[in-house]
Amino acid sequence: MYWYQKEYVFGELRKALNDVSQIFAEGSLSSKAEANDNFCMLVVLRRLCSLVQSSDSPSSLTVKPDGFIWKRGSGEEETYCMCRKMSTGWLFEAGGKGTDAAVHFGWRKLSWDHPLANTEVTVGPSRHLNLCRND
């Protein structure tokens, strides 16, 4: 199981969602009637909400101002799709069981690990507003 990533330029959101639909073996997330990215995003969020509500397996949708995170399944069966608006277009990441088809749509293999698996957070004293005193 790999994690995959691909960027789509503005105006290609419908194409990206069609690729995601095929990677996740899901019914179409977009339609030909969607003329621009903004309208396309509204339609896909409605469809994803409907899929999450009607799903028999655990699933969730997190909507953010610049995109969304869609998860379904759990454990070994979990799949993940992230969409984020960038300065040049849309960044998509996908991973989990059955997402190996992404390579056929030009998605780049990232690794075997979850994208946040090796993230380290360093916590220490704050120097903001003189909260750390050096007496």
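The model shown is predicted, which means the values in this text are computed figures rather than measured ones.

Conventions used here
- Residues numbered from 1 in each chain as written.
- Predicted model: local features only at pLDDT ≥ 70, side-chain atom pairs only at ≥ 80, totals over all residues.
- Heavy atoms only, no water.
- Helix = DSSP H or I, 4+ residues; strand = E, 2+ residues; numbered from the N terminus.
- Polar contact = N/O pair within 3.5 Å; in protein donor to acceptor, adjacent residues only side chain to side chain.
- Disulfide = S-S within 2.5 Å.
- Buried < 20%, exposed > 50% of the residue type's maximum accessible area, 1.4 Å probe, protein only.
- Pairing = 2+ DSSP bridges.
- Core = buried A, V, L, I, M, F, W, Y, C linked by side-chain atoms within 4.5 Å.
- Contact = heavy atoms within 4.5 Å.
- 1 Å grid on protein atoms, 1.4 Å probe; cavity = no way out; pocket = protein on both sides within 12 Å on 5 of 7 lines; lining within 4 Å.
- Points joined across faces, edges and corners; volume = space filled by probe spheres on them.
- Nonpolar A, V, L, I, M, F, W, Y, C, P; charged D, E, K, R; others polar.
- Phe/Tyr/Trp six-rings, centres within 6.5 Å; stacked < 30°, edge-to-face > 60°.

Engineer: Please give an account of the side chain of Glu93 that cites residues and values.
Structural biologist: Along the polypeptide, Glu93 turns up in strand 5 (residues 89-96). A polar side-chain atom of Glu93 sits 3.0 Å from a polar atom in the side chain of Gln5.

Engineer: Help me get a handle on the state of the cysteines, residues and values and all.
Structural biologist: Inspection of the entire model under this criterion finds zero disulfides. Not engaged in a disulfide, the cysteine Cys81 finds its nearest cysteine sulfur in Cys83; these two sulfurs lie 7.1 Å apart. For Cys83, a relative accessible area of 2% translates into the label buried.

Engineer: Describe in detail the pairing of strand 5, supporting the description with residues and values.
Structural biologist: The buried fraction of strand 5 is high, at eight of eight residues. Where strand 1 (residues 3-9) meets strand 5, seven bridges bridge the pair, whose relative direction is antiparallel. When the bridges of strand 5 are listed, Glu7 appears paired with Leu91. Pairing geometry for strand 4 (residues 79-85) and strand 5, over seven bridges, is antiparallel. Looking across to strand 5, one finds that Arg84 is bridged to Leu91. Counted between consecutive antiparallel strands, the loop separating strand 4 from strand 5 contains three residues.

Engineer: Can you tell me about the nonpolar core, naming the residues and giving the values?
Structural biologist: Ranked by internal contacts, the top residues of the largest apolar core, which has 25 residues, are Phe68, Trp70, Phe92 and Trp107. When contributions to this core are tallied by element, the ones reaching two or more residues are strand 1, helix 1 (13-23), helix 2 (37-54), strand 3 (67-72), strand 4 and strand 5. When sequence neighbours within four positions are dropped, the list of residues in contact with Trp107 reads Tyr4, Gln5, Lys6, Tyr8, Asp19, Val20, Ile23, Phe92, Glu93, Ala94 and Ala102. Trp3, Ile69, Met82 and Leu91 belong to the second-largest nonpolar core, a separate cluster that totals five residues.

Engineer: Outline the layout of surface pockets, supporting the account with residue identities and numerical values.
Structural biologist: Of the pockets and cavities examined, the second largest pocket occupies roughly 150 Å³. Taken together, Asp37, Asn38, Met41, Leu42, Leu45, Val63, Lys64, Pro65, Asp66, Gly67, Lys85 and Trp90 make up the lining of the second largest pocket. For the lining of the second largest pocket, the elements supplying multiple residues, two or more each, are helix 2 and strand 2 (59-64). The biggest single contributor to the lining of the second largest pocket is helix 2, with five residues. Residues belonging to the lining of the second largest pocket are distributed by class as follows: six nonpolar, two polar and four charged.

Engineer: Go over the packing of aromatic side chains, please, and point to the residues and values.
Structural biologist: All chains considered together, the criterion is met by six aromatic pairs. Judged by centre distance (5.4 Å) and plane angle (45 degrees), the rings of Phe24 and Trp70 are tilted. You can see Phe24 sitting in the loop between helix 1 and helix 2 and its partner Trp70 sitting in strand 3, a full 46 residues away along the chain. Across the pair, exposure class does not vary: Phe24 and Trp70 are buried alike. Ring centres of Phe92 and Trp107 lie 6.3 Å apart, and the angle between their planes is 55 degrees; on these two criteria the pair is classed as tilted.

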